[in-house]
Amino acid sequence: MIDLKRLRQDPDGSRASLLRRDPALGPTIDAVLELDRQWRELLVQAETLKAERNAATQEVARRKRAKEPADELMSRLKASGEEVKALDGRLRELEGSLDQRALMLPNFPSELAPVGDASANRVVRTWGEPPRLEFEPKPHWELGQTLGLFDLPTGAKLAGSGFPLFRGLGARLIRSLSGFMLDLHTREHGYIEIAPPYLVNRASLTGTGQLPKFEDDLYVATADDLFLIPTAEVPVTNIHRDEILEAADLPRGYVAWTPCFRREAGAHGKDTRGLIRVHQFDKVELVRFARPDDSAAQHELMTGHAETVLQRLGIPYRVVELATGDASFASARTYDLEVWAAGVGAWLEASSSSNFTDFQARRANIRFRPEPRAKPEFVHTLNASGVAFPRTIIALLENNQAADGSVRVPEPLRPYLGVDRLTPRA
């Protein structure tokens, strides 16, 4: 939930901040402010009337003790009771409408983020050099077929386009990447490993910001009103929904390896070759909880943890800070890690690292006590892909290919995969 207090106290500045994300938000902002004004105005009326009723009730009691007439006062109390009941009902209606409208407003962007659409994204740094291959590199979908790693037609037969089937060493590659990344993040970066449910309820998706705005992008189990997770961020962040953490609990980091399911309504036909854009994929996710004054530092730390994965695998990448109009709905500030893929000749996003400030915490009611017995405050939540598998696999195959069609396996993966080179099937 957006910080309504901030929106109320600085409507012009808050409006300008949100419009930097999306110029079309104006009517929604106006509607939220108007509903908030009506709700607060009605709340004052209700509280004033309740105070008058309390005073009248005390006066009735006094008159009865003094054996003085109180019939007229009691009649007014009965009438005002009906008025209070009506006001409370109207307040609930307004509050519900206000909450639903406010849930459609995105997070305030960081003042540090570039302003504009995707064309304003800024390259922060690069690592590694794209390989200089002395032959025409093949795209990963050709390599995957000749190496016998994945079978896209069979995946489509089983579930439809965008659901790849991995077989043999391809299936083992999935396990190898998960083991390598989980071991790295738990042993060297201090994350607690989580194996969460793959189905979540509406409260969980509302907490992290997917609902209600992005319901069309989700796969739903209608009979149970449950949803397949679009990312492990959803169940892992909601571990602490409606909880109060202690200051000593922060910062706290969790890591999870899960499949992810995304319908991505409206994205069909865009970059659909091979593994570039799929509806089911594996990902290792990093989630962190931090104090507000530490979240910026934690964001840089977490981004570095995701970068370490790519560095260990020898994959050239660049860190791109997203502009206000290109960042996700819930994010205040986002870095994308884009890997170079020689076969398709493009930079492909393999990780997105975001600081959500208190946006998710407000929606999920995740708080902490700065000091013992102090008033609880909202934590800051952060997450990063650490990293997503499809485009990592694309880069591994396309960048490490040889002229004979074989692919060199990066050294850190060899103990997990059991081979140092992938070779074409006979």
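Please read all numbers here as calculations on a predicted model, not as lab measurements.

Here we look at the packing of aromatic side chains
Inference 1: Considering all chains together, one arrives at 8 aromatic pairs under this definition.
Inference 2: On the basis of an interplanar angle of 15° and a centroid distance of 5.8 Å, the ring pair of tryptophan 127 and tyrosine 317 is categorised as stacked. Placement of the pair is tryptophan 127 in strand 1 (residues 122–127) and tyrosine 317 in strand 11 (residues 317–321), with a sequence separation of 190 residues.
Inference 3: Residue tryptophan 127 is classed as partly exposed on the basis of its relative accessible area of 31%.

What about the pattern of salt bridges?
Inference 1: Taken as a whole, this structure holds 27 salt bridges when the rule is applied.
Inference 2: The salt bridge involving glutamate 59 is made with arginine 62; its shortest N-O contact spans 2.8 Å. Placement of both glutamate 59 and arginine 62 in helix 3 (residues 26–65) is noted, with a separation of 3 residues, approximately one turn of the helix.
Inference 3: Judged by its relative accessible area of 34%, arginine 62 is partly exposed.
Inference 4: Notably, a salt bridge pairs glutamate 321 with arginine 333, separated by 2.7 Å at the nearest N-O pair.

Quick notes on helix 12 (residues 389–399)
Inference 1: Summarising burial for helix 12: 11 of the 11 residues are buried, a large majority.
Inference 2: Buried residues of helix 12: Phe389, Pro390, Arg391, Thr392, Ile393, Ile394, Ala395, Leu396, Leu397, Glu398 and Asn399, and no others.

Points about the pairing of strand 10 (residues 280–290)
Inference 1: Extensive coverage of strand 10 is indicated by the burial of 10 of its 11 residues.
Inference 2: Looking at chain direction, strand 10 and strand 16 (residues 380–388) are connected through 7 bridges and run antiparallel. Of the residues in strand 16, the one forming a bridge with glutamate 285 is serine 385.

Conventions used here
- Residues numbered from 1 in each chain as written.
- Predicted model: local features only at pLDDT ≥ 70, side-chain atom pairs only at ≥ 80, totals over all residues.
- Heavy atoms only, no water.
- Phe/Tyr/Trp six-rings, centres within 6.5 Å; stacked < 30°, edge-to-face > 60°.
- Helix = DSSP H or I, 4+ residues; strand = E, 2+ residues; numbered from the N terminus.
- Buried < 20%, exposed > 50% of the residue type's maximum accessible area, 1.4 Å probe, protein only.
- Salt bridge = Lys/Arg side-chain N within 4 Å of Asp/Glu carboxyl O.
- Pairing = 2+ DSSP bridges.

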